[in-house]
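Summary of structural features
Spelled out, the chains give:
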Amino acid sequence: MMKLTLTCALTLALLAGCAPSQPQSGRGAPPDGHTARNSLDWAGSYEGTLPCADCPGIRTRLILSQDNRYERQTQYLDRQPQPEVVTGSFSWESDGSTIRLDAAGDSQRYFVGENQVTMLYRDGTRPTGPLAPHYVLRRAQ
């Protein structure tokens, strides 16, 4: 009985040691200071087809420049012969991995990752579920 009690106590102590000491909110720069902004080669062109509620998709190209300027081309498939082009500036959120386009780009936010950007929902959260991969724009060659 004593052996079982000791084993349980040691197991609980080990598990407690594995738990994070502070909850991670997902906001703010990580403790080591590495962010997409300062660690990735993020400037460039990203492409993909975003989901659309009433069409086959929205062909999208987002070009990010080192001077925090962008160009976004969007084309609703099956109804828009030429893409709509919007240019402006973007800013980095405090987490250092999310950008926000200016008002010309509807203040849309994107999470910047390795060779890709993910369009975020209006509340700033990442898409989930079966359509989540369709919100990713990949670096163009």
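Everything in this summary refers to the structure shown in the same document.

Calculation criteria
Residues numbered from 1 in each chain as written. Predicted model: local features only at pLDDT ≥ 70, side-chain atom pairs only at ≥ 80, totals over all residues. Heavy atoms only, no water. Phe/Tyr/Trp six-rings, centres within 6.5 Å; stacked < 30°, edge-to-face > 60°. Helix = DSSP H or I, 4+ residues; strand = E, 2+ residues; numbered from the N terminus. Buried < 20%, exposed > 50% of the residue type's maximum accessible area, 1.4 Å probe, protein only. Pairing = 2+ DSSP bridges.

**Digging into the packing of aromatic side chains**
In this structure the tally under the stated criterion is four aromatic pairs. Between Trp42 and Trp92 the ring centres are 5.2 Å apart and the planes differ by 75°, which places this aromatic pair in the edge-to-face class. Pair noted here: Trp42 is in the loop between α2 (36–39) and β1 (44–50) and Trp92 is in strand β4 (residues 84–92), with a separation of 50 residues, a long-range link. The residues Trp42 and Trp92 share a single accessibility class, namely buried. Look at Phe90 and Trp92: their rings are 6.2 Å apart centre to centre, the planes differ by 70°, and that puts the pair in the edge-to-face class. Here Phe90 and Trp92 have matching classes, each one buried. Following the ring pairs from residue to residue traces out a cluster consisting of Trp42, Phe90 and Trp92.

**Details of the pairing of β4**
Bridge count for strand β3 (residues 69–76) against β4 is six bridges, and the pairing is antiparallel. Each residue of the ladder has a partner; that of Arg69, found in β4, is Ser89. Judged from the three bridges that link them, β4 and strand β5 (residues 98–101) form a sheet pairing that is antiparallel. The residue bridging Phe90 from the neighbouring strand is Leu101, located in β5. In this antiparallel pair of consecutive strands, β4 and β5, the connection spans five residues, and Gly96 shows a positive phi of 75°.

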